[in-house]
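# Geometric and topological summary
As a plain string of letters, each chain reads:
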Amino acid sequence: MSIARVTTKINIFLSSLSDKIEDELEMTTVCHRPEGLEQLEAQTNFTKRELQVLYRGFKNECPSGVVNEETFKQIYAQFFPHGDASMYAHYLFNAFDTAQNGSVKFEDFVMALSILLRGTVHEKLRWTFNLYDINKDGYINKEEMMDIVKAIYDMMGKYTYPVLKEDAPRQHVEVFFQKMDKNKDGVVTLDEFIESCQEVRTKL
């Protein structure tokens, strides 16, 4: 599994939601208008009508208007039936939960969705870095990256493990740091992460 493939895994679940927006727009008319719609439209890359559709879907899944981690894990697990997505969903939930209060509001959800689906390359890389920076200290260390890689392998389940050696996660992390840790200090900063990812994009 390549570095680029690991970085893009986060979009699978979110992209599936985006694919449904156009179908929903064609088939239904949303009557409910969430509070602060104009502000969200200004802050995201979604139109007013798309926000209405997203809000209705959000409320259908979570009538209380907020998502807790357990509900988030249950929804996310549906997209990876052959593996255990719980740990990766935990890290993903924490990235959505910007207030770190154990719940994700519609505003949190749609702001992240806007970045991941329609944001600039720089915005997407910054968000992904925040996901990998588990303890939120501004750096990615090898332990954090190992946790993320193992969570991705667990999530992919039987489609990953038969073709991998036991030490594959550690090898993957070593390759990651060889490419990303420019000054060889044992941690990857946001600037190093963005620079390295953009170098990979330039070569492709």
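Residues numbered from 1 in each chain as written. Predicted model: local features only at pLDDT ≥ 70, side-chain atom pairs only at ≥ 80, totals over all residues. Heavy atoms only, no water.

## Looking at the side chain of Thr44
- Position of Thr44 among the secondary structure elements: in the loop between α3 (37–43) and α4 (48–61).
- Thr44 sits in the buried class, given a relative accessible area of 8%.
- A polar atom in the side chain of Thr44 sits 3.3 Å from the backbone nitrogen of Phe46.
- If near-sequence neighbours (up to four positions away) are discounted, Thr44 is found in contact with Leu51, Val110, Met111 and Ser114. (Helix = DSSP H or I, 4+ residues; strand = E, 2+ residues; numbered from the N terminus. Buried < 20%, exposed > 50% of the residue type's maximum accessible area, 1.4 Å probe, protein only. Polar contact = N/O pair within 3.5 Å; in protein donor to acceptor, adjacent residues only side chain to side chain. Contact = heavy atoms within 4.5 Å.)

## Points about the UniProt feature "domain: EF-hand" (unreviewed entry) in the protein
- Under the UniProt annotation, the feature "domain: EF-hand" (unreviewed entry) is placed at residues 84–119, 120–155 and 168–203.
- The span residues 84–119 carries 67% helix and 8% strand; its end-to-end C-alpha distance comes to 29 Å.
- Structurally, residues 120–155 comprises 72% helix and 8% strand, and the distance from its first C-alpha atom to its last is 27 Å. (UniProt positions renumbered as here; feature names shortened; annotations may be inferred.)

## What to know about the environment of Asp133
- Relative to the assigned elements, Asp133 resides in the loop between α8 (121–132) and β3 (139–141).
- Asp133 sits in the buried class, given a relative accessible area of 3%.
- Each C-alpha atom of the pair Asp133 and Met145 lies 8.2 Å from the other, and the pair is 12 residues apart in sequence.
- Sequence-distant contacts of Asp133, that is, excluding residues within four places in its chain, are made with Gly138, Tyr139, Ile140 and Glu144.

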